[in-house]
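Residue-level structural notes
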Amino acid sequence: MRGHAHRRLVDVTQTSPAAAPVQAPPARRHRVHRAWFVAAVTFVTITGAAAFRSLPGLLIDPLNQEFGWSRGTIGAAVSVNLALYGLTAPFAAALMDRFGIRRVVAAALTVIALGSGLTVWMTAAWQLLLCWGLLVGLGTGSMALAFAATVTNRWFTERRGLVSGILTAASASGQLVFLPLLSWIVEHHHWRPAAVTVALSAFAVVPFVWLLLRDHPADVGVAPYGAKEFVPKPAPVTGAARRTLSVLSTSVRTGTFWLLAGTFAICGASTNGLVQTHFVPAEHDHGMPVTTAASLLAVIGVFDVVGTIASGWFTDRFEPRRLLAVYYALRGLSLLFLPMLLGPAVHPPMLFFIVFYGLDWVATVPPTLALCREQFGEDSAIVFGWVLASHQVGAALVAYLGGVARDVFGSYDVVWYAAGTLCAAAALMALVIRRTGPTAPAPAV
């Protein structure tokens, strides 16, 4: 070759055998970076997974009527589901490091399909605990927000706040798609066809994940989005459980971890545990049809998409602690007003609550994830998994206690007021978190 400055990929094959080897296999240039396609696949997968968590709130009244199980008993199964959803997440993040994202997510979808499908033949409460509590809880936990955190960390070094907001919003999108459908099925064809629909949806997503999802940018010969250099794919990390527990052992020694875990526990209590589980039966108590109440919950999902993506954009630009304080304070205020808005028909104040609360539903995730990344670096996905576990423990407690409160007091009012007060406490806790200052983007894990 005449010009040694000729470095385009098309000329590499023309160099002599003595030429220096290429350090990283450059990929063909794409107008859209491959990371965005992976994010899109992840979004669709999490959207489908939302169907598996949309159903329990719709089953409380049908199961109570058919089997005579108390709301506390049904709430206990939902509680196990929510707790395992959180407790599985940190181990799932480590398993993704060991076996790859595709294998873990495909296995999780299969477990969900089995758990949901088997509920069709249940006759005792312990079977609900086993199928919907244990199996579906383990499966959804493996596709929890730690999945989104792992994808974000591996494929992006820029726009992480925005991407985490988009992937978090995927759950709300799934709620939007499936809640009205599942509520219609429950109301017109009973709850068993709805359970079968969830099982079939899980099986349908498996080939989609296997064929289109990729574990790491190096698998397709590209650098992470925003990275200046190619990042080799790390070797599989053995000892997933040991690493997960080791990260926990280190992180619990910091006050930041406990503040993040505490605020996120309140987040879970005031969203998944309370509103997602008990809003539909609470409205039904006031004479509203189940389908209408479920549609309102789905509308929350519409505005959650907007709020969470906007929160990701804000997180890239503003201090995460202050964002969290504002989000929790506004959420608590809205919950304190909710008991006065419940009724048999949809009216403007209730619509205002739906919009206002929807914008705040999981807007807390991007700033929480940003603080985890800032404080814990390359272990941030696993740490966030443990923080998410606290989120789901809080959700599990309120899912159970909300049902018990309804059995004891005959209404949910005391639970709404308690949740509003807890959100005010979370706002104060967020402001106490100490920042370490700006850091470089966490390396992909």
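All chains use their own residue numbering, which begins from 1 and follows the written sequence. Side-chain atom pairs in this predicted model are given and counted only at pLDDT of 80 or more, local residue features only at pLDDT of at least 70, and totals for whole chains, interfaces and linings cover all residues. Side-chain measures here rest on the full set of heavy atoms in the structure, leaving out hydrogens and waters.

This brings us to a nonpolar patch on the surface. A contiguous nonpolar surface patch, about 480 Å² in accessible area, is contributed by Val80, Trp126, Leu129, Leu130, Leu134 and Leu138. Helix and strand labels come from DSSP, where a helix needs a run of H or I of at least four residues and a strand needs a run of E of at least two; each type is numbered from the N terminus. A per-element tally of the nonpolar patch places helix H5 (residues 125-141) first, with five residues. Tracing the sequence through the fold places Leu138 in helix H5. Patch membership is restricted to residues that have no salt bridge and whose relative accessible area is over 30%. Joining uses 9 Å for like charges and 5 Å for the nonpolar side chains Val, Leu, Ile, Met, Phe, Trp and Tyr. Exposure was quantified through the Shrake-Rupley algorithm and a 1.4 Å probe, taking into account, for residues, occlusion by the shown protein chains and nothing else. One side-chain nitrogen of Lys or Arg within 4 Å of one carboxyl oxygen of Asp or Glu is enough to make a salt bridge.

Time to look at the pattern of salt bridges. One pass over the full model with this rule turns up five salt bridges. Arg406 serves as the salt-bridge partner of Asp285, at 2.6 Å between the closest nitrogen and oxygen. Of this pair, Asp285 sits in helix H11 (residues 272-285) while Arg406 is found in helix H16 (residues 380-409), placing the two residues 121 residues apart along the sequence. Per-residue accessibility, obtained with a 1.4 Å probe over protein chains only, is compared with the maximum for each type, and a residue is labelled buried under 20%, exposed over 50%, and partly exposed between these values. In this structure Asp285 comes out as partly exposed when scored by relative accessible area, which is 33%. The partner of Arg322 in a salt bridge is Glu319, and the shortest N-O contact between them spans 3.5 Å. By sharing partners, the salt bridges in this structure join Glu319, Arg321 and Arg322 into a single network.

Okay, the packing of aromatic side chains next. Aromatic ring pairs: the centre-centre distance and the angle between the two ring planes describe each pair. Between 30 and 60 degrees the pair is tilted, below 30 it is stacked and above 60 it is edge-to-face, where a pair is any two Phe, Tyr or Trp rings, Trp via its six-membered ring, whose centres lie within 6.5 Å. Across all of its chains, the model carries 13 aromatic pairs by this definition. Measuring from ring centre to ring centre gives 5.3 Å for Trp36 and Tyr225, while their planes differ by 70 degrees; the resulting arrangement is edge-to-face. Of this pair, Trp36 sits in helix H1 (residues 34-54) while Tyr225 sits in the loop between helix H8 (191-212) and helix H9 (240-251), placing them 189 residues apart in sequence. Taking 5.5 Å as the distance between ring centres and 70 degrees as the angle between the ring planes, the aromatic pair formed by Trp313 and Phe314 counts as edge-to-face. You can call Trp313 partly exposed: its relative accessible area is 40%. Following the ring pairs from residue to residue traces out a cluster consisting of Trp36, Phe156 and Tyr225.

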